Amino acid sequence: MINESARLARAFCDRRLPVMAFLDTHHPNKPEDPYPTHCIVGTHESNLVPALQWIEKEPNVTIRRKDCFDGYFGSIEDDGSNVFVDWAKNHQIRKLVVVGVCTDICVLDFVCSTMSARNRGFLRPLEEVVVYSAACATFDIPPHVATHTKGALAHPQEFMHHVGLYMAKERGAKIANQLSFSEQTKA
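Remember, predicted model here, so these are calculated numbers, not experimental data. (Residues numbered from 1 in each chain as written. Predicted model: local features only at pLDDT ≥ 70, side-chain atom pairs only at ≥ 80, totals over all residues. Heavy atoms only, no water.)

With that settled, consider the overall build of the protein chain. Along the backbone of the protein chain there are 5 helices and 5 strands. Ordered by position from N to C terminus, the α and β elements of the protein chain give α-β-β-α-β-α-β-α-α-β. With the C-alpha coordinates aligned to their principal axes, the bounding extent of the protein chain is approximately 55 × 35 × 35 Å. Counting the 187 residues in the protein chain, one finds 43% classified as buried. Sequence-distant contacts in the protein chain: of pairs separated by 6 or more residues, those separated by 24 or more amount to 68%. Here the protein chain has roughly 11100 Å² of accessible surface; of this, 54% comes from carbon and sulfur atoms. The distance from the centre of the 20 positive side-chain charges to the centre of the 22 negative ones in the protein chain is 7 Å. (Helix = DSSP H or I, 4+ residues; strand = E, 2+ residues; numbered from the N terminus. Buried < 20%, exposed > 50% of the residue type's maximum accessible area, 1.4 Å probe, protein only. Contact = heavy atoms within 4.5 Å. Areas by Shrake-Rupley, 256 points an atom, 1.4 Å probe, with all protein chains shown as cover. Lys, Arg positive; Asp, Glu negative; His and termini not counted. Charge placed at Lys NZ, Arg CZ, Asp CG, Glu CD.)

What follows is the structure, encoded as structure tokens:
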């Protein structure tokens, strides 16, 4: 998943296509229930993985730190504006490719909110949302671990990844297991 995300990011950057990357970044005093503490601001967890850190220096990349599961809602500013909506409109995004972790949580919530906003006309000219399955993944909590961890539920990785993809498709996103670029997408 990481290698495929890095490959795709390189393809977008080589073509100077706009990229927006959401980073899960939380403050220690603002929990994200029901999940345990994670991605605390200033820790390595709140940064891009080493294989993707290079995108921070790319001129076509916008980094957005979010403190909730959903990048769409995590892009809302105090004044009510939305950094993601503005980015999509400014770049005239017609097809949005979504990758990331966790397929069944962050990816799915972002896709659902984005599809709803598109359907309501808030993201014109957005036409398609495509989830690239090879660049998505989720976490694994085996049943024997969940049984002995307070508040934990079993979370079978492969199954939940496919649940996330299924739910995204059910909401109107397209699911792709490969991507190609046409001559029209080159800068």
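With that out of the way, let us pick up the packing of helix α3 (residues 103-119) against helix α5 (residues 157-170). Interaxial distance between α3 and α5 falls to 9 Å at its minimum, and their mutual angle equals 10 degrees. Relative to α5, the element α3 lies roughly parallel. Contacts from Thr103, Asp104, Leu108 and Val111 in α3 reach Met160, His161, Gly164, Leu165, Met167 and Ala168 in α5. Of the residues assigned to the contact of α3 with α5, the class counts are 6 nonpolar, 3 polar and 1 charged. (Axes fitted to C-alpha atoms, helices over the stretch in contact; angles between N-to-C directions. Parallel < 35°, antiparallel > 145°, perpendicular 65-115°, else oblique. Nonpolar A, V, L, I, M, F, W, Y, C, P; charged D, E, K, R; others polar.)

Moving on: the nonpolar core. Residues Phe84, Leu96, Val98, Val111, Leu123 and Val131 are the most contacted members of the largest nonpolar core, which totals 24 residues. Listing elements by their share of this core, those giving two or more residues are α2 (83-90), β3 (95-101), α3, β4 (128-137) and α5. Looking at which element gives the most residues to this core, the answer is α3, with 7 residues. The residues touching valine 98, leaving out its near neighbours within four places in the chain, are Val107, Phe110, Val111, Val129, Val130, Val131, Tyr132 and Cys136. Cys13, Leu17, Tyr132 and Ala135 belong to the second-largest nonpolar core, a separate cluster that totals 15 residues. (Core = buried A, V, L, I, M, F, W, Y, C linked by side-chain atoms within 4.5 Å.)

In space, the 3 strands of this open sheet follow the order β3-β4-β5, with parallel pairing throughout. A strand with exactly one partner marks an edge of an open sheet, and here the two such strands are β3 and β5 (174-176). Sheet twist, expressed as the mean angle between neighbouring strand axes with direction ignored, is 30 degrees. Two elements, β3 and β4, share 6 bridges in a ladder whose sense is parallel. (Pairing = 2+ DSSP bridges.)

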